[in-house]
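Chain by chain, the residues:
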Amino acid sequence: MTSKSVPLIVLGGSDRRAAYMPPGGRSKHPLAGIKGVDVKIGGRPLIEVVIDNIRQADAFDPIYVAGPGHAYRSLSDGVSIDTDGGFGRNIQVGVETARRLHGDGPLAITTCDIVPDPVEMQSVVRDFRSHSPLDFFFPMIEAPQDPKRLGESGWKPQYHVKPEGASRAVPVLPGHLAMFDSAALRWNFIYRLMDLGYRTRNRPILYRSGYMARRLLWIMLVQDVIHILNLRLPTFTWDTLLSGTRAARRLKEKVIQQSELELALRRMFVKRRHRRRHPDRRVRMPVVNAMSLARDIDTREEAVAFGAVTA
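The sections below set out a description of the structure shown in this document. Sequence order as written defines residue numbering, which begins from 1 separately in each chain. Side-chain atom pairs in this predicted model are given and counted only at pLDDT of 80 or more, local residue features only at pLDDT of at least 70, and totals for whole chains, interfaces and linings cover all residues. Heavy atoms from the whole structure form the basis of all side-chain values; hydrogens and water molecules are not counted.

Per the secondary structure count, the protein chain includes 11 helices and 15 strands. The quantity called the radius of gyration is restricted to C-alpha atoms. Its globule counterpart is 2.2 Å times the number of residues to the power 0.38. What you see for the protein chain is a C-alpha radius of gyration of 19 Å, in line with the 19 Å of a compact globule of 311 residues. Across its three principal axes, the protein chain shows a C-alpha extent of roughly 60 × 45 × 35 Å. When each of the 311 residues of the protein chain is scored for burial, the buried share is 53%. The long-range fraction of contacts in the protein chain, counting pairs at least 24 apart against all pairs at least 6 apart in sequence, stands at 71%. If you sum the accessible surface of the protein chain, you get close to 14700 Å²; carbon and sulfur atoms cover 53% of it. Each helix is a run of H or I in the DSSP string that is no shorter than four residues. Each strand is a run of E no shorter than two, and both are numbered from the N terminus. Each residue's exposure class comes from its accessible area (1.4 Å probe, protein chains only) as a fraction of the maximum for that residue type: buried when under 20%, exposed when over 50%, partly exposed otherwise. Should any heavy atoms of two residues lie within 4.5 Å, those residues are counted as being in contact. The accessible surface values rely on the Shrake-Rupley method and a 1.4 Å probe; as for residues, cover is taken only from the protein chains in view.

In this section: the pattern of salt bridges. Each reported salt bridge corresponds to a side-chain nitrogen of Lys or Arg within 4 Å of a carboxyl oxygen of Asp or Glu. For the coordinates displayed, the defined rule picks out 21 salt bridges. Measuring nitrogen to oxygen at the nearest pair gives 2.5 Å for the salt bridge that ties K28 to E152. Here E152 lies in the loop between β8 (140–142) and β9 (159–162) and K28 lies in the loop between β1 (6–11) and α1 (35–38), a separation of 124 residues in the sequence. Among the residues examined, E152 registers a relative accessible area of 29% and is labelled partly exposed. The partner of D77 in a salt bridge is R55, and the shortest N-O contact between them spans 2.8 Å. Remark: R55 occurs in helix α2 (residues 46–57) and D77 occurs in the loop between α3 (69–72) and β5 (79–82); sequence separation between them is 22 residues. Through salt bridges with shared partners, a single ionic network connects K35, D113, K156, D296, D298 and E302.

Here we take up a positive patch on the surface. Two joining distances apply to patches: 9 Å for like charges and 5 Å for nonpolar side chains (Val, Leu, Ile, Met, Phe, Trp, Tyr), and every residue must have over 30% relative accessible area and no salt bridge. Just so you know, the count uses Lys and Arg for positive and Asp and Glu for negative, and it drops His and the chain ends. Where a charge lies is defined by one atom per residue type, namely NZ (Lys), CZ (Arg), CG (Asp) and CD (Glu). A contiguous patch of positive charge on the surface is contributed by K271, R273, R276 and R277. Considering the arrangement of structural elements, one finds K271 in the loop between α9 (258–269) and α10 (272–277). K271 gets classed as partly exposed once you look at its relative accessible area, which sits at 35%.

Here we take up the side chain of S5. By the element assignment, S5 lies in the segment before β1. In contact with S5, not counting residues within four places along its chain, are A59, F60, D61 and R129.

If you want it as structure tokens, here you go:
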């Protein structure tokens, strides 16, 4: 491990049921099961191909795979972390294990269902390092104007964001790589949010934001009561609801600036005390050309496009 390496958690959990498909993807066949081992490229489990490509990027070490132990205990590379809960639970087990072993500091998360291009991953990591220290880093991937150019992935929901210095919004897909200061974030809130976000994936942005807000309201109110009892300002509910609702609406209207989105996520995800202690830190969500970080294998058709076979 070099001094510049960052511990990485690869989420390799199991999908117990096939994902909801939007109208543009109704003809596809969504995958379920443990994609990291059920999908094979060149006769090798997908997880092995993913870790090989990540190793070539020479940015992350050690590499942990958070997923069912029976599926990953025989990994040829990487360290298995046994967890088989929901999406948020798997993130929690992975993050808490990494923090226990490495302490607070930079940490990264990706998923087992992308095939990252090492050169693209290196480029994204360079962006992170050139702007560090950051509270949270999540690249958005610029998509072609014509979804057909994405081939079998053209059905994936897109968003529109105005990059830094741009005069118009461009279509983007979420990148499947996040890097962050592990001590800065509201982890209990994030674990629950990720569970709800995964449950509503592929659905319209306003539906998702309303669904999550209703189910998170009680958690936010309880947190503010705890703040009051500790003689702290009860700002969590206000920060989160106001920032999240406004950002969702602006995304829907295709007019949100990159800086607006970054500010909204910092208010939602980063502890208020940390923000006051580090006012110059920021969340960074650059729009980049790194399509391999966006093209996750959700359907049988996408797997075939990668030359893969599925169980």
